[in-house]
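# Notes for the structure review
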Amino acid sequence: MILIDAVGINRGGGKILLDYLIQEIDLNFNNILFLFDKRILNNHPKINNNKTIYIKNNFIDRLLFYLKNKNKFSKVLCLANYSPPVKLDSKVFTLFQNVAIFDKLIYSGPIPFAKRIIFNCHLKNTDNWIVQTPSVKNLLLSKFDIKNEIYIYPFFSFKNFSLTNRVLKKHNQILYVSDGDPHKNHIRLFNAFNKFSKINPNFQLIVTISNNYPGLLDLIEKYNSNGISIKNIGFVSQKKLAKYFKTSMFFVYPSLEESFGLGLIEAANYKLPVVASDLDYVYDVINPVQTFDPYSEEDILKALMNYKNYKLNKSKVIVEDNIKGLIQLLK
């Protein structure tokens, strides 16, 4: 039996990629056990050919699962950064999906510190690492003494996206699709848009922040009360999100670090001009129409002010889906 360990994945881009992986693996195998986070119970694609177990996302429950079942698997694929908490005799692959775990400035405090300790302690419990971009591979190699091969297997799907022509009814709409994690850099974007909006008051910034970030939601309310139009649509379905991809003038992406940047790929797939951080993760997946220093509100503002030059430009996806390569590792 093969184990797919997806504990810890329950929202955002990781959940979108997990749903795609579930569908493909369930089509190709009948000897899989999916280990899921309890928070996605009844909230993932239907599994017809394989088995599922749901546990809480904590160290103890995951450790107990592996202690009880450590001899049952021929191969293991861990999907959320962390190798198994015990050494297994089976072949283990770990997909590294969260470069922000290493950022001690943005993610300080006891919980991020504990996560880094757990990651380091379990580092040698995997045989091979899987990443989705060359820049993440380089990051792993720069931080750890990894001798085994690091596979690069990007995977994504546009099956849930309608690729009809853009509507462009709202020429004054700017879109940023991402939840409110600190490295997503919303505050600098909001501050830049505040200055932009005073010069261009008819523009609206659309964001997708969940209720897990009340501080950002309060900040949006404050800006709105001062006449700055920031609309939060929350975490919505791909179908609802498609409307905003089709009607936005351009897509802005100020994130400070990404393992993949699925939102960039989605925006470029919709032929939107993408204005993004001048960082390696962007160039791994798309050709942006303009970049900026994500640590500088003034540089973000300059990029927003250049909007008239984006109308005739389109960004292009330069990465290809290689889920077949990932699946082949499990065979």
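All values reported here derive from a predicted model rather than from experimental measurement.

Each value, and the rule that gives it
- Residues numbered from 1 in each chain as written.
- Predicted model: local features only at pLDDT ≥ 70, side-chain atom pairs only at ≥ 80, totals over all residues.
- Heavy atoms only, no water.
- Disulfide = S-S within 2.5 Å.
- Buried < 20%, exposed > 50% of the residue type's maximum accessible area, 1.4 Å probe, protein only.
- Helix = DSSP H or I, 4+ residues; strand = E, 2+ residues; numbered from the N terminus.
- Polar contact = N/O pair within 3.5 Å; in protein donor to acceptor, adjacent residues only side chain to side chain.
- Contact = heavy atoms within 4.5 Å.
- Patch = residues over 30% accessible without salt bridge, like charges linked within 9 Å, V, L, I, M, F, W, Y side chains within 5 Å.
- Areas by Shrake-Rupley, 256 points an atom, 1.4 Å probe, with all protein chains shown as cover.
- Salt bridge = Lys/Arg side-chain N within 4 Å of Asp/Glu carboxyl O.
- Pairing = 2+ DSSP bridges.
- Axes fitted to C-alpha atoms, helices over the stretch in contact; angles between N-to-C directions.

Attention now goes to the state of the cysteines. Within this structure, the stated rule accounts for 0 disulfides. Take C78: it sits in no disulfide, and the sulfur closest to it among the cysteines is that of C121, at 16 Å. Residue class for C121 comes out exposed when judged on its relative accessible area of 57%.

Turning to its location among the elements, N128 is positioned in strand β6 (residues 128–131). Under the relative-accessibility criterion, N128 is labelled buried at 5%. A polar side-chain atom of N128 sits 2.9 Å from the main-chain carbonyl oxygen of E149. Excluding residues that lie within four positions of it along the chain, N128 makes contacts with K91, V92, F93, T94, N148, E149 and Y151.

Looking now at a nonpolar patch on the surface. Residues F59, I60, L64 and L67 make up a contiguous nonpolar surface patch of about 390 Å² in total accessible area. Looking at the secondary structure, you find L64 in helix α2 (residues 59–69).

Read across the sheet, 7 strands follow the order β3-β2-β1-β4-β5-β6-β7 without closing on themselves; strand pairing throughout is parallel. The open sheet is flanked by β3 (51–55) and β7 (150–152), the only strands paired with a single partner. Each neighbouring strand pair of the sheet contributes to a mean axis angle of 20°, computed without reference to strand direction. Where strand β1 (residues 2–5) meets strand β4 (residues 75–78), 4 bridges bridge the pair, whose relative direction is parallel. In the strand pairing of β4, I2 is matched with K75. On top of the sheet, helix α1 (residues 12–28) reaches β1, β2 (32–37) and β4; it is set at about 160° to β2, its chief contact. On top of the sheet, α2 reaches β1, β2, β3 and β4; it is set at about 175° to β1, its chief contact.

The sheet built from 6 strands is open, its strands ordered β10-β9-β8-β11-β12-β14 with parallel pairing. The open sheet has two edge strands, β10 (230–232) and β14 (290–292), and neither has a second partner. Ignoring strand direction, the axes of neighbouring strands in this sheet form an average angle of 25°. Of the pairings in the sheet, the one linking strand β8 (residues 173–176) to strand β11 (residues 250–253) comprises 2 bridges and is parallel in character. Counted as the bridge partner of I174 is F250 from β11. Its contacts with the sheet place helix α8 (residues 262–269) against β11 and β12 (274–277), and it is angled at close to 170° to β11. Set on the sheet, helix α10 (residues 297–305) makes contact with β8, β11, β12 and β14; between it and β14 the angle comes to about 160°.

Before going further, it helps to spend a moment on the environment of L41. Position of L41 relative to the elements: it lies in the loop between β2 and β3. The exposure class of L41 is partly exposed, given its relative accessible area of 45%. Residues L41 and T52 lie 11 residues apart in sequence; the distance between their C-alpha atoms is 9.9 Å.

Quick look at the pattern of salt bridges now. The full count for this structure, using the stated rule, is 7 salt bridges. In this structure, K15 engages D19 in a salt bridge whose closest nitrogen and oxygen atoms are separated by 2.9 Å. With K15 and D19 both in helix α1, this residue pair falls 4 residues apart, about one helical turn. Residue classification places K15 among the buried positions, given a relative accessible area of 7%. Here K195 and E298 are joined by a salt bridge, their closest N and O atoms 2.7 Å apart. Of this pair, K195 sits in helix α5 (residues 186–199) while E298 sits in helix α10; the two residues are 103 residues apart in sequence, bridging distant segments of the chain. Here the residues in one salt-bridge network are R11, D179 and D181, joined through shared partners.

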